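One letter stands for each residue in the lines below.
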Amino acid sequence: MSSLEKTELQLGYIPLLDCVALLWAKQRGFFDEEGLNVRLIKEASWASLRDRLAFGLLDAAHCLSAMLPAAAIGNDQIGIPLQTPLVLSESRAFISLSQKLCYQLQIQKDDTAEQSAQKLVDYLKQNHPVSLAHVFQHSIHHYCLKEWLALADRELAKNIQVKTLPPSYMVEALSTHLVDGFCVGEPWNTQAELAGLGQIVCSSQQIIPNVADKVLAVTHDWAEQHPYTLISLTRALIKAQQELKSIKDFAPIWDLLVEFDIIQFECSEEVHVEKYHAIQNIVRHLIENDAQPKVTDFEWLFEQMQQWNALESSSEISTELAQNCLLPQIYKTASVN
């Protein structure tokens, strides 16, 4: 432990199911085992988290994967390079529409993603106003929403204006009619359904590849200055991820999510059986295989930026930049038992 460059860490997160590895590592003492005193900092929005990470107010953070390629080319208006040694979740976004809109459009729960998109696009082409939201411009949620609409009309998908709202504000925005639908990670879609406000119409896994959604991110400079600290931090989170996959009693994890105000609604295993187990299933399968970041995921994110953010870049440059977003050696060292 004496090799650690820093032991007092500020670790940022946004209240979503896929920050659970951070919470669990803290709860189980995995950070302590690595000689780290970690303070978890809940951020109000992805923009505030990005800024505080970039300017050194956070040491590391639960971060949108697409923030890294955006930072690599300065498309985030900051241009401070971010890197990741660890994926925290893969393609775990959902698109929800208001229950009223779903009724009007006759969207059924067994509709395919293409069918629900077509019904909404037809409605929009009749000049009916519909307001949609995602969590951040540089996110798989943005790209998922665009690709969903593109299943019915690519030109409409390119031109539609979409609001940006923090994940935890989505349900309130639906209840106050600020938006008619959104793309966000859980548990906010489930909260909207249980409140009688929203209906999940499709998941990102039906629309886009199974790519990195959230990652553990640090700035390039921080990674260079604190390699042993980053290995220890990553190792603690890998241990938490492994335990979350295999733990038999889910109740302590659920209680932790409630304690940190990630689950803010009544949902019991006895009454809300389907929803309770759906959330449990997501937590257990945030990562399908290993959590090492893949160059192909970040190449895909660059492709999406070219398509939906009007980014001009060659495939060779995109591959090089994608590689610069990753810290594979940190992951490999941390994952060794």
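For the structure itself, look to the data block above.
Keep in mind it's a predicted model, so treat the numbers as computed, not measured. (Residues numbered from 1 in each chain as written. Predicted model: local features only at pLDDT ≥ 70, side-chain atom pairs only at ≥ 80, totals over all residues. Heavy atoms only, no water.)

### Things to note about the overall build of the protein
Step number 1: For the protein, the helix and strand inventory stands at 17 helices and 10 strands.
Step number 2: Compactness check: the protein gives a C-alpha radius of gyration of 20 Å against a globular reference of 20 Å for 337 residues, within 12% of the reference.
Step number 3: Seen through its C-alpha atoms, the protein measures out along the principal axes to roughly 65 × 55 × 30 Å.
Step number 4: Of all 337 residues assigned to the protein, the portion counted as buried reaches 58%.
Step number 5: Sequence-distant contacts in the protein: of pairs separated by 6 or more residues, those separated by 24 or more amount to 80%. (Helix = DSSP H or I, 4+ residues; strand = E, 2+ residues; numbered from the N terminus. Rg over C-alpha atoms; globule rule 2.2 N^0.38 Å. Buried < 20%, exposed > 50% of the residue type's maximum accessible area, 1.4 Å probe, protein only. Contact = heavy atoms within 4.5 Å.)

### With respect to the packing of aromatic side chains
Step number 1: In this structure the tally under the stated criterion is 5 aromatic pairs.
Step number 2: Ring pairing ties together the aromatic residues F250, W254 and Y276, which thus form one cluster. (Phe/Tyr/Trp six-rings, centres within 6.5 Å; stacked < 30°, edge-to-face > 60°.)

### Observations regarding helix α13 (residues 251-259)
Step number 1: Of all the positions in α13, only I253, W254, L256 and L257 are classed as buried. Mapping the buried residues of α13 onto a view down its axis gives an arc of 160°, with all of them on the same face.
Step number 2: Buried residues belonging to α13 abut α1 (20-27), α12 (227-246) and α14 (273-284).
Step number 3: Looking one or two residues beyond α13, the residue adopting positive phi is D261, at roughly 60°. (Arc of directions from axis to C-beta.)

### Details of the side chain of S96
Step number 1: Its place among the elements puts S96 in strand β5 (residues 93-98).
Step number 2: One polar contact links S96 to N189, side chain to side chain, over a distance of 2.7 Å.
Step number 3: Filtering out sequence-adjacent residues up to four positions away, S96 remains in contact with G181, F182, N189, Q199, I200 and V201. (Polar contact = N/O pair within 3.5 Å; in protein donor to acceptor, adjacent residues only side chain to side chain.)

### Considering the sheet that holds strand β1 (residues 8-13)
Step number 1: Reading across from one edge, β2-β1-β3-β10-β4 is the order of the 5 strands in this open sheet, with mixed pairing throughout. Each having just a single partner strand, β2 (37-42) and β4 (82-90) make up the two edges of the open sheet. With strand direction ignored, the average angle separating the axes of adjacent strands in the sheet is 25°.
Step number 2: Taken together, the 4 bridges between strand β3 (residues 60-64) and strand β10 (residues 212-219) define a ladder with antiparallel strand orientation. Bridge pairing in β10 places L64 opposite K214. (Pairing = 2+ DSSP bridges. Axes fitted to C-alpha atoms, helices over the stretch in contact; angles between N-to-C directions.)

### Digging into α1
Step number 1: Within α1, 6 of the 8 residues are buried, which leaves it mostly tucked inside the rest of the structure.
Step number 2: Every buried residue belonging to α1 is among V20, A21, L22, L23, W24 and A25, and all of these are buried.
Step number 3: Downstream of α1 by a residue or two, G29 has a phi angle that is positive, lying close to 80°.

### What to know about the nonpolar core
Step number 1: With 130 residues, the main nonpolar core has W148 and L233 as its most contacted residues.
Step number 2: The element best represented in this core is α12, accounting for 8 residues.
Step number 3: Residue contacts for W148: discarding those within four places in its chain leaves I95, L97, A113, S116, A117, L120, V201, C202 and I207. (Core = buried A, V, L, I, M, F, W, Y, C linked by side-chain atoms within 4.5 Å.)

### Concerning the state of the cysteines
Step number 1: With the rule as written, the count across this model stands at 0 disulfides.
Step number 2: With no disulfide of its own, C19 lies closest to C63 among cysteine sulfurs, the gap being 13 Å.
Step number 3: Free of any disulfide, C63 has its nearest neighbouring cysteine sulfur in C325, separated by 11 Å. (Disulfide = S-S within 2.5 Å.)

### Remarks on the sheet that holds strand β6 (residues 132-134)
Step number 1: The strand order β7-β6-β8-β5-β9 describes an open sheet built from 5 strands, whose pairing is mixed. At either end of the open sheet lies a strand with only one pairing partner, and these are β7 (163-164) and β9 (198-203).
Step number 2: Sheet topology places β6 next to β7; 2 bridges connect them, and they run parallel. Across the sheet, residue A133 finds its bridge partner in β7, namely K163.

### Some details on the environment of K100
Step number 1: Structurally, K100 can be placed in helix α5 (residues 99-105).
Step number 2: On the basis of relative accessibility, which here comes to 62%, the residue K100 falls in the exposed class.
Step number 3: For K100 and Q199, which are 99 residues apart along the polypeptide, the C-alpha to C-alpha distance reads 9.2 Å.

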